[in-house]
4 protein chains.
Amino acid sequence: MKMKYIHELRMQVRDYECDLQGIVNNANYQHYTEHARHMFLHEHGISFAGLHARGIDAVVARMALRFKTPLRPGDAFTARLALRREGVKYVFRQDLFRESDGCLVFSADVETCCLIGGRLGTCAELDALVDECAGEDE
Amino acid sequence: MKMKYIHELRMQVRDYECDLQGIVNNANYQHYTEHARHMFLHEHGISFAGLHARGIDAVVARMALRFKTPLRPGDAFTARLALRREGVKYVFRQDLFRESDGCLVFSADVETCCLIGGRLGTCAELDALVDECAGEDE
Amino acid sequence: MKMKYIHELRMQVRDYECDLQGIVNNANYQHYTEHARHMFLHEHGISFAGLHARGIDAVVARMALRFKTPLRPGDAFTARLALRREGVKYVFRQDLFRESDGCLVFSADVETCCLIGGRLGTCAELDALVDECAGEDE
Amino acid sequence: MKMKYIHELRMQVRDYECDLQGIVNNANYQHYTEHARHMFLHEHGISFAGLHARGIDAVVARMALRFKTPLRPGDAFTARLALRREGVKYVFRQDLFRESDGCLVFSADVETCCLIGGRLGTCAELDALVDECAGEDE
């Protein structure tokens, strides 16, 4: 069963995000995916502050990043997101696609976990979103 | 009577701070001066958290920035700082000098004010530092 | 005669642009205005690369920044821009307004000048845009 | 045979690198390691510009990032670096340690490859540095 994307966000490269080589600096892809992830959670009514108030702290433990095609000044792109669970880990798959040709720019697996009173645990809201992702991709 | 610098901090340009034009992006000079200002205050035992706990909020109201000579990858530079009072405003003068030739890179006047219970007020710790600056420059 | 805005760009605060104090870090307002300025020039067919190819280098010489009301996570805002000429200087007025209540967030005067073969000069494209701004604000 | 670190760089957290949660924003660890890697290469006389002039382009293809312990405002830390080769890939191991207690903060494997005339190839200078790393750790 294939995982399907359940969120997308259109963005555009800003000149200040590019470096000496004339392409987006690597660290900015992490910024793009953080922003897309937070917007996704926000749109589903999940806030770090809200979870924290209930004793749940969601933290990023690991990231696997693949740099495929560099973005350049002015490029528009779309950030797509899927979510799966692996044991106690919630893994966000976040892929960036260049708008002009649909080319894959960057792909990340972001492993987060929930600390509940300092111990690894699960989170009902995230579990519900995982279920949404478990279907055929359109 | 000339104002004298009372703090200096040596820094070095990091490649990711440079943009498409091969020079430090303008916004990073603001980062450099913020860092130098916070280090200066920290070394004098003044923290925003500490002031806040006593009901004093120090905020930046205005900045006048002069861009003189761009820094390039690898350049070492020194941030120098002076402080004066103008009525209820505390004005930090922050100048950056390139190490290789002493050239002035960037010069800023950073106007801050203290809000005490929501009203403009003065701060004894900052007044003491202002007095230190009121002497002949070496 | 009042200057009128001739460009606007809607943006939204990204969480990573906020700092310890829970508000947008001061240097990011400079990023926002740089992005809006570059988009404005780009939409009018003016690129730094294009000017440079004709021997014209546009550089920022000074900025006067006024911090009015801090932006917070998730805030939407609009960057508005006007342009005037003062002698050989082209001055961009860039104001940011919070979308929820129209409140002025940040206001900047960005003085740029054109170096033509190393000497201060004027630029026909920018002059044309200055003329557009010289009218009553709606 | 254990890999040994062949470079270290001491740094300190700057307040503007911290986010809403009061800790260093995740993307800044990537900045720290990029800076350390570039300094390491620079100290060994290797520049991207120099390689490029000889037709060699070194690019980052993948990163595996592990976030262990968050850095906080003012924390001093040391970036340590080792280098190994895996086929045509040069893998930088970059670990950050908090100075106060030696605690591991962040660990990254940064896979780079060299494109020579558009094809994957090897680079004599990097091979020499790999040899330096192949020894017992002290």
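Residues numbered from 1 in each chain as written. Chains lettered and ligands numbered in written order. Predicted model: local features only at pLDDT ≥ 70, side-chain atom pairs only at ≥ 80, totals over all residues. Heavy atoms only, no water.

> Any chance you could explain the nonpolar core here in plain terms?
Generally speaking, a soluble globular protein has its nonpolar side chains buried in company with each other. Tyr29, Tyr32 and Leu126 of chain B together with Tyr29, Tyr32 and Leu126 of chain C are the most contacted members of the largest nonpolar core, which totals 77 residues. Look past the residues within four positions of tyrosine 32 of chain C in its chain and what remains in contact with it is Arg14 of chain A together with Met11, Val13, Glu17, Val24, Leu71, Phe77 and Leu96 of chain C. If you look at the next biggest cluster of nonpolar residues, it comprises 76 residues, including Leu41 and Leu51 of chain A together with Phe92 and Val110 of chain D. (Core = buried A, V, L, I, M, F, W, Y, C linked by side-chain atoms within 4.5 Å. Buried < 20%, exposed > 50% of the residue type's maximum accessible area, 1.4 Å probe, protein only. Contact = heavy atoms within 4.5 Å.)

> Looking at this model, I keep getting lost on the relation of the copies chain B and chain C. Mind explaining?
One copy of the chain maps onto the second through a rotation around an axis plus a translation along that axis. Expressed as a screw transformation, the operator carrying chain B onto chain C has a rotation angle of 180° and an axial translation of 0.0 Å, and the superposed copies differ by an RMSD of 0.0 Å. The relationship between the two copies is best expressed as a two-fold rotation axis. When each C-alpha of chain B is compared by its distance to the rotation axis, alanine 64 of chain B comes out closest, at 2.3 Å. The residues that chain B uses at the interface reappear at the interface of chain C in 100% of cases, marking a shared surface. (Least-squares fit on C-alpha atoms with pLDDT ≥ 70 in both.)

> What exactly am I supposed to notice about the interface of chain B and chain C here?
Interface extent is often summarised as the accessible area lost during association of the parts. Facing the 14 residues of chain B at the interface are 14 residues of chain C. Summing both sides of the interface, chain B and chain C together bury roughly 1,500 Å²; the carbon and sulfur share of this comes to 43%. For the pair chain B and chain C, the interface holds zero salt bridges. Inspection of the chain B/chain C interface yields eight residue pairs in polar contact (both at pLDDT 80 or more). Only helix H1 (26-43) and strand S2 (56-67) of chain B provide two or more residues apiece to the side of chain B that touches chain C. If you tally residues by element for the side of chain B that touches chain C, the top one is S2 of chain B, at eight residues. A class-by-class count of the residues in the side of chain B that touches chain C yields seven nonpolar, four polar and three charged. When S2 of chain B meets strand S2 (residues 56-67) of chain C, the two strands line up antiparallel, connected through five bridges. (Buried area = accessible area lost by both parts, 1.4 Å probe. Salt bridge = Lys/Arg side-chain N within 4 Å of Asp/Glu carboxyl O. Polar contact = N/O pair within 3.5 Å; in protein donor to acceptor, adjacent residues only side chain to side chain. Helix = DSSP H or I, 4+ residues; strand = E, 2+ residues; numbered from the N terminus. Nonpolar A, V, L, I, M, F, W, Y, C, P; charged D, E, K, R; others polar. Pairing = 2+ DSSP bridges.)

> Can you walk me through the pairing of strand S3 (residues 76-86) of chain C in this structure?
Residue and element names in this part refer to chain C. As paired elements, strand S1 (residues 7-12) and S3 share six bridges and run antiparallel to each other. In the strand pairing of S3, methionine 11 is matched with phenylalanine 77. Examined bridge by bridge, S3 and strand S4 (residues 89-98) share ten bridges and lie antiparallel to one another. Considered in S4, the bridge of alanine 79 is made with leucine 96. Taking the residues between adjacent antiparallel strands as the criterion, S3 and S4 are bridged by two residues, where glycine 87 takes a positive phi near 65°.

> Looking at this structure, how should I read the interface of chain D and chain A?
The partner chain A presents 14 residues to the 14 residues of chain D that form the contact. Here chain D and chain A share zero salt bridges between them. One can count eight residue pairs in polar contact (both at pLDDT 80 or more) joining chain D with chain A. Counting residues per element, the ones that place at least two in the side of chain D that touches chain A are helix H1 (26-43) and strand S2 (56-67) of chain D. Here the element with the most residues in the side of chain D that touches chain A is S2 of chain D; it accounts for eight residues.

> How should I be thinking about the relation of the copies chain D and chain A in this particular structure?
With an axial shift of 0.0 Å and an RMSD of 0.0 Å, the rotation relating chain D to chain A amounts to 180°. Looking at the interface residues of chain D, 100% of them are also at the interface in chain A, so both copies use one shared face.

> Help me understand the environment of valine 59 of chain B in this model?
Residues and elements named next belong to chain B. Here valine 59 shows up in strand S2. For the pair formed by valine 59 and glutamine 21, sequence separation is 38 residues and the distance between their alpha carbons is 32 Å. Sequence-distant contacts of valine 59, that is, excluding residues within four places in its chain, are made with Glu111, Thr112, Cys113 and Leu115.

> So what exactly am I meant to see when it comes to the packing of H1 of chain B against helix H1 (residues 26-43) of chain C here?
Any two packed helices are characterised by how steeply their axes cross, that is the angle between the axes, and by the distance between the axes. Where H1 of chain B meets H1 of chain C, the axes come as close as 9 Å, and the angle between the chain directions of the two elements is 175°. By the angle class used here, H1 of chain B and H1 of chain C are roughly antiparallel. On H1 of chain C, the residues touching Asn26, Ala27, Gln30 and His31 of chain B of H1 of chain B are Asn26, Ala27, Gln30 and His31 of chain C. (Axes fitted to C-alpha atoms, helices over the stretch in contact; angles between N-to-C directions. Parallel < 35°, antiparallel > 145°, perpendicular 65-115°, else oblique.)

> Quick question: what am I supposed to make of helix H3 (residues 124-133) of chain D here?
Because each turn of an α-helix spans 3.6 residues, side chains separated by three or four positions in sequence point in the same direction. All names here are of chain D. Among all positions of H3, only Leu126, Asp127, Leu129, Val130 and Cys133 are buried. Buried residues in H3, looked at end-on, bunch into an arc of 160°, giving them a common side. Exposed positions of H3 whose direction lies more than 90 degrees from the buried face are Ala124 and Asp131. If you follow the buried residues of H3, they end up packed against H1, strand S3 (76-86), strand S4 (89-98) and strand S5 (104-116). (Arc of directions from axis to C-beta.)

> How should I be thinking about the pattern of salt bridges in this particular structure?
Any two side chains of opposite charge can pair, given that their charged atoms come close. Residues and elements named next belong to chain A. This structure, assessed with the given rule, holds 44 salt bridges over all chains. The salt bridge partner of glutamate 86 is arginine 84, with a shortest N-O separation of 2.9 Å. Three or more residues joined by partner-sharing salt bridges are found here, namely Arg66, Arg84, Glu86 and Asp109.

> What should I look at first to understand the packing of aromatic side chains in this one?
What characterises a pair of aromatic rings is the spacing of the ring centres plus the angle enclosed by the ring planes. Counting across every chain of the model gives 28 aromatic pairs over all chains. Ring centres 4.7 Å apart and planes at 45° place the aromatic pair tyrosine 32 of chain C and phenylalanine 77 of chain C in the tilted group. Residue tyrosine 32 of chain C is found in helix H1, and its partner phenylalanine 77 of chain C is found in strand S3; the two are separated by 45 residues along the sequence. Owing to a relative accessible area of 0%, phenylalanine 77 of chain C belongs among the buried residues under this scheme. Clustering of aromatic rings is evident, with ring pairs tying together Tyr29, Tyr32, Phe67, Phe77 and Phe106 of chain A. (Phe/Tyr/Trp six-rings, centres within 6.5 Å; stacked < 30°, edge-to-face > 60°.)

> What should I look at first to understand the state of the cysteines in this one?
Working definition: the covalent bond between the sulfur atoms of two cysteines is a disulfide. A complete count under the given rule lists zero disulfides over all chains for this structure. Of all cysteine sulfurs in the structure, the one in cysteine 123 of chain C sits closest to cysteine 114 of chain C, which takes part in no disulfide; the separation is 4.8 Å. A relative accessible area of 0% places cysteine 114 of chain C in the buried class. Between cysteine 103 of chain D, a cysteine without a disulfide, and cysteine 113 of chain A, which holds the nearest cysteine sulfur, the sulfur-to-sulfur distance is 16 Å. For cysteine 103 of chain D, a relative accessible area of 22% translates into the label partly exposed. (Disulfide = S-S within 2.5 Å.)

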